[in-house]
Amino acid sequence: MRRLFKTLVLLFCLAAAAGCRSIPFKDIDYVPLAEVNPALMLEDFKAALAQKLEIINSIVFEFKWHSFAALGYTQLDLEQGTFKVSCMNPVGIKLFELEGNRQKVDAVFVLKELLERGDLPKAVGEDIRRIYFDMAPDAAAKVKKEKYRIIFTQKTGRQTLKYVFAGQQRWLTEKHYYEGRRNLWSVYYYNYLNQEGKLYPSALILSHHRFGYNLVIRLKEVRLR
Amino acid sequence: MNKKITAWILLFCFTLAHAYAEGTPKELEEVLTGLQEKMSKVDSISTAFIQEKNLAMFKQKVILKGNIYIQKPAMLAWKVSSPLRYALVISGTDISQWDQDSGRVQSLSLNRNPSFQVAVQQMQNWFSGSYKSMEADYDIKLISQQPIELEFIPKEKAVSANFIQQVNVLFSPDEHYIKQINILEKTGDSTLLEFINPELNREIPTSAWEVKA
């Protein structure tokens with residue numbers, strides 16, 4: 001009886017730690033990766049990733065008990081490190097339009113009401129970089145092989161980026177950013193679309209642990225450039 | 001915030017009724033009066049729509065599709081089916097919205113949301129044919145008579161002048177409903193909203209008023 005109680009308490013704690021949030025995507029199909037060469041796997045992934053993306057996504061922003069959906073039109077050039085994004089609500093009213101690169105973001109248009117809610121262009125620009133830029137670690141990253149996952153750890157001073165590759169396809173499934181020991185944000189890639197030999201992340205969640213929000217992103221359309 | 005945005009689209013798409021025809025020729029006055037009389041006979045509309053949003057920055061367009069249901073005096077359902085599923089239902093003073101991706105229904109009251117209240121009030125004016133209540137917000141020009149097409153240009157002092165350059169409204173040949181609305185924004189973007197196979201004065205199925213699909 002006591003053991004059962006302990007188990008229940010443990011299960012409750014685990015559920016609470018996970019935020020009790022149900023994942024809206026099919027979970028990764030984990031397979032043993034003992035035979036996989038991490039370096040070759042990484043090369044294959046890098047070669048397959050689309051470098052120029054023109055995509056339409058639906059985005060659900062979740063914060064505490066609030067959530068709202070929007071549509072985003074995004075143009076990315078990962079080689080040049082540039083992006084443009086236009087976001088509208090589901091009835092077609094533009095919320096904001098931005099363009100930027102690795103260093104800066106310029107607001108082309110931001111709805112007045114959104115301007116009153118902090119530096120939106122900066123926040124959106126940073127999230128775009130977190131999700132789409134640097135989707136593969138540097139060659140110098142440390143590799144750790146687990147039964148079902150291959151983890152690359154890349155350190156720069158107090159900052160650490162952790163990349164997790166897993167699944168049948170051995171694609172990037174998780175990216176975590178730490179400052180010291182604190183995990184500030186994570187991106188979970190649940191699925192990719194393979195169009196004309198190029199990979200596009202098609203179902204993903206960005207969890208900003210520090211600010212307590214999630215972005216749930218679903219790819220709706222790819223426009224080939 | 002989202003409520004305000006939704007209110008804006010209602011304003012854009014349904015509420016050009018407050019346009020003002022200062023110094024309009026007699027011909028325009030007659031056309032506006034005629035439209036008002038004919039449209040006031042319509043109690044309900046259910047129509048499919050295609051909304052083409054042209055993004056100037058990308059030289060590309062995003063296309064949204066769905067259905068709109070209107071029942072006088074105060075019911076509206078705006079349902080988007082593609083590229084994402086979304087519904088906005090206004091019934092009296094109650095507003096509900098839902099989207100498939102978040103799966104959540106959000107309910108609010110018109111009484112606590114003045115921006116929505118204004119939008120719905122104006123929509124009612126528009127569909128009840130309250131053209132005489134047009135105020136000093138737009139210059140109106142008659143572009144064509146058969147079918148009727150009107151051009152609305154916001155006056156400098158109008159709030160809409162901050163973001164709208166011009167709106168063109170094309171009416172059906174029988175002048176009972178709007179066939180097409182084209183909104184040109186100050187940013188260079190434009191939105192073409194086309195209504196397809198509208199049914200007038202037919203009973204709207206109760207499912208149309210259910211926000212969750």
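Remember, it's a predicted structure, so these values are computed and weren't measured experimentally.

Draft legend 1. The arrangement of the overall build of chain A in detail. Looking only at helices and strands, one finds four helices and 12 strands in chain A. Relative to its length of 225 residues, chain A is compact, with a C-alpha radius of gyration of 19 Å against a globular reference of 17 Å. In terms of its C-alpha atoms, chain A occupies a principal-axis envelope of roughly 60 × 45 × 35 Å. Buried positions account for 51% of the 225 residues belonging to chain A. By element, 54% of the accessible surface of chain A is carried by carbon and sulfur atoms, the whole surface being about 12300 Å².

Draft legend 2. Looking closely at helix α2 (residues 26-39) of chain B. Residues and elements named next belong to chain B. Counted at 1.5 Å a residue, the expected span for α2 with its 14 residues is 20 Å, and the 20 Å between its end C-alpha atoms agrees. Turning to α2, its buried residues number three or more, namely L28, V31, L32, L35, Q36 and M39. Along the axis of α2, the buried residues cluster in a sector spanning 135°; they form a single face.

Draft legend 3. Layout of the interface of chain B and chain A. Taken together, the contact pairs 29 residues of chain B with 35 residues of chain A. Of the roughly 3000 Å² buried at the junction of chain B and chain A (both faces included), carbon and sulfur atoms supply 65%. The interface formed by chain B and chain A holds three salt bridges in total. When the shortest N-O distance is used, the salt bridge between D101 of chain B and K220 of chain A registers 4.0 Å. Run the count over chain B and chain A and you get eight residue pairs in polar contact (both at pLDDT 80 or more). For the side of chain B that touches chain A, the secondary-structure elements that each account for two or more residues are α1 (2-14), β1 (44-55), β2 (60-71) and β3 (75-82) of chain B. Of the residues forming the side of chain B that touches chain A, the biggest block, seven residues, is contributed by α1 of chain B. Among the residues making up the side of chain B that touches chain A, the classes are represented as 15 nonpolar, seven polar and seven charged.

Draft legend 4. Structural context of the side chain of S190 of chain B. Residues and elements named next belong to chain B. With respect to the helices and strands, S190 occurs in strand β11 (residues 190-200). With relative accessibility at 15%, the residue S190 sits in the buried group. Those residues in contact with S190 that sit more than four places away from it in its chain are E52, K53, N54, N182, I183 and L184.

Draft legend 5. Spotlight on the nonpolar core. With 56 residues, the main nonpolar core has F45, L76, F96 and Y132 of chain A as its most contacted residues. Other than its neighbours up to four places away in sequence, F96 of chain A contacts V85, S86, C87, F109, V110, L114, L120 and V124 of chain A. Core analysis: the second largest hydrophobic core is formed by 53 residues, I70, W78, L108 and I178 of chain B among them.

Draft legend 6. Just the pairing of strand β12 (residues 213-222) of chain A, in detail. Residues and elements named next belong to chain A. Among the 10 residues of β12, eight are classified as buried, and the element is accordingly described as predominantly covered. With six bridges connecting them, strand β11 (residues 198-208) and β12 associate as antiparallel partners. Within β12, the position partnered with I205 by the bridge is V216. In sequence, β11 turns back onto β12 through a hairpin of four residues, with G212 there showing a positive phi of about 75°.

Analysis parameters
The residue count restarts for each chain, going from 1 along the sequence in the order it is written. For naming, the first written chain is A and the first written ligand is 1, with later ones following in the order written. For a predicted model such as this one, the threshold for reporting local features is a pLDDT of at least 70, and the threshold for listing and counting side-chain atom pairs is 80 or more; totals across whole chains, interfaces and linings nevertheless cover every residue. To obtain the side-chain values, all non-hydrogen atoms of the structure were used and water was disregarded. In DSSP terms, a helix is any run of H or I states spanning at least four residues, a strand is any run of E spanning at least two, and both are numbered starting from the N terminus. Only C-alpha atoms enter the radius of gyration, while the globule expectation follows 2.2 Å times N to the 0.38, with N the number of residues. Exposure is judged per residue with a 1.4 Å probe applied to protein chains only, and the accessible area is read against the type maximum: over 50% gives exposed, under 20% gives buried, and values in between give partly exposed. Accessible surface is estimated by sampling points in the Shrake-Rupley manner with a 1.4 Å probe; for residues, cover comes only from the protein chains shown. Helix span, as expected, comes to 1.5 Å for every residue beyond the first. Summarising the geometry, the arc corresponds to the directions from the helix axis toward the C-beta atoms. In what follows, a contact means two residues having at least one pair of non-hydrogen atoms within 4.5 Å. Accessible-area loss on putting two parts together, using a 1.4 Å probe and summing over both, is the definition of buried area adopted here. Should a side-chain nitrogen of Lys or Arg be within 4 Å of a carboxyl oxygen of Asp or Glu, the pair is scored as a salt bridge. Any N or O atom pair separated by 3.5 Å or less is treated as a polar contact, with the protein-specific requirement of one donor-capable and one acceptor-capable atom, and with residues adjacent in sequence counted only for side-chain atom pairs. Here the term charged refers only to Asp, Glu, Lys and Arg, the term nonpolar to Ala, Val, Leu, Ile, Met, Phe, Trp, Tyr, Cys and Pro, and the term polar to all other amino acids, Gly among them. Only buried residues count toward a nonpolar core, which is a set of Ala, Val, Leu, Ile, Met, Phe, Trp, Tyr and Cys residues joined through side-chain atoms within 4.5 Å. Note on pairing: DSSP must find at least two bridges between two strands before they are called paired.

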